[in-house]
Amino acid sequence: MHDKVDSSVLVLVEEFLTARATRKPSPHTLQAYRRDLLGVARLAAEQAAPPLPLDALPITALSPRSLRAAFAAFAAPRAAASVHRAWSTWNNFFTFLVAEGVVAGNPMPAVDRPRAPLPQPKPLRGDDTPEQLLDAVAKAVGRQHDPWPERDLAVVALALCTGLRLSELLALRVGSVAGRAGERRVDVAGKGGRPRVVPVEPELDGVLAAYLESRARRFGARSVRPDSALLVDRRGEPLRRGGLQYLVDSCYRRAGITDRVPAGARLHALRHTFATRLAEDGASAAEIMRLLGHASLASSQTYIEVTAGQQRAAVRSNRTHRVLVGLVSAG
């Protein structure tokens, strides 16, 4: 049993944040953790009988009842997403305290929380932006150090034509692209261990073949063995997370489309572009779900809803509607 069962919440919050720091969260994330924990704790201290200063609030004072009251006050002026994030932070905090033997159980399941809003798609902006991007990365730019347009085109085309996540792209082997000509596919090790298959059309197959041929010329035939990483850097080493993000960012810059990439999307914008175009071309939510490897149909439905909204906005822009308004008024 932890020897600080009567410790103040403040002390335990700092222990929790220290433990989380080993996961290397960003400073912004750590600040958000601290803000959410102290914000609710302060309300719990104010509502205690008698009220307590925050630094005197013991962890034993945080019962399900007191936490429900504190969260109700915390939620009043805030958006649902902010309240949901705070609930998750407190749930992680109590999970840590249970593991440390500070408390016997986690009271957070007794505290209601709003449903987390589904993230909205963030595709590349502009109807011809994907084509402009592909055209730019397919060319060797003179000022590039050791240009490798075949590799760059393969990375961007693969992301745009399969919708794979960053982690899924990094996990691909040369042998992940399999099947007979005309029936090619990429075997994906999906999120949560869920495997899936994404078809590879002949055009993308040709791009990947040209990339692997250029790689064999650079590093030798042994570099393209089936168990080798599919995506590599200019030294022939497997691409890592930071390297892949940097490569995609540099492709955006070379294409001159950085202003069309939604904030925070980066490589994920290519996945969202893939899904949005599927929806625009009539794919069902179930088809999008299978191709993207979503665990929930609701996540895939957002692409259908966004596309429907865009279609309605396009119809609304038709100036004929203004004439109809005039006709109704005249009648």
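Residues numbered from 1 in each chain as written. Predicted model: local features only at pLDDT ≥ 70, side-chain atom pairs only at ≥ 80, totals over all residues. Heavy atoms only, no water.

## Comments concerning the packing of aromatic side chains
- Under the definition given, this model contains nine aromatic pairs.
- Ring centres 5.7 Å apart and planes at 45 degrees place the aromatic pair W148 and Y211 in the tilted group. Of the two residues, W148 sits in the loop between helix 5 (129–137) and helix 6 (149–162) while Y211 sits in helix 8 (residues 202–219), which places them 63 residues apart along the sequence. Across the pair, Y211 and W148 agree in class, each one buried.
- With 5.8 Å between their ring centres and 65 degrees between their planes, W148 and F219 make a pair best called edge-to-face. Here W148, found in the loop between helix 5 and helix 6, pairs with F219, found in helix 8; they are 71 residues apart in sequence, far enough to count as distant.
- On the basis of relative accessible area, W148 is assigned to the buried category, the value being 1%.
- F219 sits in the partly exposed class, given a relative accessible area of 31%.
- One aromatic cluster is present, built from ring pairs that chain together F16, Y33, W90, F93, F94 and F96.
- Over the face of the ring belonging to W87 we find R113, whose NZ or CZ atom lies 4.0 Å from the ring centre.
- Sitting over the face of the ring of W148, R218 holds its NZ or CZ atom 4.3 Å from the ring centroid. (Phe/Tyr/Trp six-rings, centres within 6.5 Å; stacked < 30°, edge-to-face > 60°. Helix = DSSP H or I, 4+ residues; strand = E, 2+ residues; numbered from the N terminus. Buried < 20%, exposed > 50% of the residue type's maximum accessible area, 1.4 Å probe, protein only. Lys NZ or Arg CZ within 6 Å of the ring centre and 35° of its normal.)

## Regarding the environment of L37
- Within the secondary structure, L37 is located in helix 2 (residues 27–47).
- In sequence terms L37 and T89 are 52 residues apart; their C-alpha atoms lie 7.1 Å from each other.
- Non-local contacts of L37, meaning those with residues more than four positions away in its chain, are made with V13, F16, T89, W90 and F93. (Contact = heavy atoms within 4.5 Å.)

## Concerning helix 6
- Look at helix 6: 19 Å from first C-alpha to last across 14 residues, which is about the 20 Å you get at 1.5 Å a residue.
- For helix 6, a buried count of 11 out of 14 residues is recorded, marking the element as mostly surrounded by other parts of the structure.
- For helix 6, every residue scored as buried is listed here: P149, R151, D152, A154, V155, V156, A157, L158, A159, L160 and T162.
- With its phi angle positive at about 70 degrees, G163 sits one or two positions after the end of helix 6. (Expected span 1.5 Å × (residues − 1).)

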